[in-house]
Structures are given as structure tokens and as C-alpha cells.
Amino acid sequence: SELAKLIGIDVNDISRTLSNLHSLFSPSENGQTFRTHHKSLPDFICDPDRCGGGTQFWIDRKAHHLRIAKRCLHIMDSLLKPNLCGLERHEWHKDRAQILDHVRHRVSHCLAYACTYWASHLVAALKDEARFYSEVMDLVDDFASRHLLTWLEALSITGRVDTAYSSLDMVRTLWQEKDSANILTAAMQQPDESPRGVEPRVTPKEVARELFDDGCRFIQRNLSVICSFPMGIYNSALPFVDRKSVV
């Protein structure tokens with residue numbers, strides 16, 4: 001059911017499909033997870049030259065990474081909120097070990113996966129593309145402006161803060177690479193026609209990237225708090241952020 005939520009396909013459709021593929025996939029004892037019988041299968045089915053039958057069987061890695069990345073961003077947008085565990089105000093000082101009873105069932109496997117791996121899927125999908133797709137850019141901008149701190153709270157609860165800095169850094173590095181390439185291309189194609197003395201308008205993308213930059217600094221400076229105290233992000237770390245920060 002968690003896989004169905006993640007990829008947005010009805011769980012019954014997934015079950016029916018997998019039930020006919022036992023020669024390729026081995027189900028676990030409880031039937032909830034599957035493994036390939038042969039390690040070569042993923043390489044074979046993702047290679048258009050080796051996998052016959054056209055697009056019916058061939059899996060385009062980049063397209064599916066992009067699809068999962070977008071699903072992860074949609075899931076975080078719909079499920080992330082401050083105080084995910086529903087703690088009372090007097091419980092905010094408790095560390096992660098003390099609130100484990102509240103954590104159970106509050107953060108689904110689907111949300112935990114989305115928070116941990118959204119950036120990896122996004123970078124895998126777009127690292128060789130010429131630009132960000134506008135739909136993806138809107139989702140990333142929305143994530144940066146609305147969910148940065150609640151995302152860190154979720155990672156603190158699930159014990160995956162180790163992925164926080166690298167996730168933001170991977171995406172901002174991808175931005176920089178694409179922006180540099182686009183600026184160079186634009187400069188070669190046409191001269192700068194912007195009026196002198198007029199400040200360029202700040203775009204949502206630039207705001208999102210600034211949020212990612214400040215988010216990385218916030219993680220570096222408050223790592224111990226984020227790792228141990230999910231609600232400490234708001235009442236211990238955030239009050240000491242520089243006033244110029246956009247976090």
C-alpha cells in the first residue's frame with residue numbers, strides 16, 4: 001500500500017501485476033516486498049538496445065526518476081506540517097527517544113521515503129537535461145518556501161537527518177550547473193539589453209535557491225539539535241537564525 005501511495009497507482013493493480021511476475025520477482029514471506037531473482041534484470045530492462053519489445057517493456061530510468069521525484073514533492077506538500085507528532089506544548093523539549101510512542105503511525109513509510117529520497121530522484125532525472133522543467137521548478141519552489149523546516153522535523157523524527165544537507169546541496173549544485181550553462185548560451189546568442197541602473201527582478205527560482213543556501217547553513221550550525229530534538233528546530237534553533245536569513 002505504501003508503494004501504491006508513492007507512485008500514485010491503485011494497490012490492487014500493483015498486486016495483480018506482481019502476482020503474474022513471480023518468475024522475475026520473489027515475494028517476501030508476508031508478500032509486502034519483492035526482490036528480483038536475477039541481479040541482471042534491472043540492467044536488462046533499462047537498456048533500450050537489449051530489451052526487445054519497444055517501449056512496452058523498456059524502462060526509461062530518467063523518466064521514472066522524474067515521476068517519483070514529482071510524487072515525492074506532492075506527498076511532502078500534502079502531508080508535511082509543523083508538529084507532525086501532535087505533541088503538547090510542554091512536550092516540545094523532549095528528545096527523539098522520549099517521543100517514540102508519539103512517532104509511531106504519525107510518519108508513514110511513504111512520507112519517510114519521500115523526505116529521504118526526493119532529491120536523489122530529482123538529480124538522477126535532470127542531471128543531463130538542459131534545464132529544469134517548469135512544473136518541477138514550481139514544486140521545488142513550493143517545497144523551499146513552505147516546507148523546509150517541517151521537512152527537517154520529519155527527518156529528525158525518522159532518524160534520517162544524515163540526508164538533509166546532501167539533499168539540498170545536490171539540488172542547488174544542479175541549479176548552478178544549469179544556470180551557468182544557460183547564461184553562457186544566452187550571452188553568445190544576444191547582447192545584454194537590460195537598462196542600466198535598473199536592478200533585475202528577483203525570480204521565485206532565485207528565492208528558492210537562497211532558501212536552499214540558508215537551509216544548508218541552518219543544518220550545519222544546528223545539526224545536533226535537529227538530530228536529537230525534532231521540535232527544537234522551532235524553539236531552540238530558529239530563534240538564533242540571522243535576521244537576514246530567509247529561512
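How each quantity is defined
The numbering scheme is per chain: residues are counted from 1 as the chain's sequence reads. In view of the model being predicted, local features appear only for residues whose pLDDT reaches at least 70, and side-chain atom pairs are presented and counted only at 80 or more, with totals across whole chains, interfaces and linings using the full set of residues. Side-chain numbers here rest on the full set of heavy atoms in the structure, without hydrogens or water. Here a strand is any run of E in DSSP of at least two residues, a helix any run of H or I of at least four, and the numbering for each starts at the N terminus. Two residues qualify as a contact provided that any one of their heavy atoms is within 4.5 Å of a heavy atom in the partner residue. The working definition used for a salt bridge is a side-chain nitrogen of Lys or Arg within 4 Å of a carboxyl oxygen of Asp or Glu. Relative accessible area decides the class of each residue, using a 1.4 Å probe on protein chains only: under 20% of the type maximum gives buried, over 50% gives exposed, and in between gives partly exposed.

*Asks:* How would you explain the side chain of His121 if you had to name every residue and give the values?
*Replies:* Along the polypeptide, His121 turns up in helix H6 (residues 109-126). Ignoring anything within four residues of it in the chain, the contact list for His121 reads His65, Ile68, Ala69 and Tyr113.

*Asks:* An account of the pattern of salt bridges is requested, with residue identities and associated values reported.
*Replies:* Opposite charge on two side chains permits them to pair, given that their charged atoms come into close proximity. Within the structure shown, the criterion is met by eleven salt bridges. Its salt-bridge partner being Asp43, residue Arg61 comes within 3.7 Å of it at the nearest N-O pair. Placement of Arg61 in helix H4 (residues 61-79) and of Asp43 in helix H3 (residues 41-45) is noted, with a sequence separation of 18 residues between them. Overall, the relative accessible area of 44% leaves Asp43 in the partly exposed class. Across the pair Glu91 and Lys94 runs a salt bridge whose closest N-O atoms are separated by 3.6 Å. Judged by relative accessible area, which is 10%, Glu91 ranks as buried. Residues joined in a network through salt bridges with shared partners are Asp77, Asp142 and Arg146.

In short, the description is geometric, and any link to function would need to be established separately.
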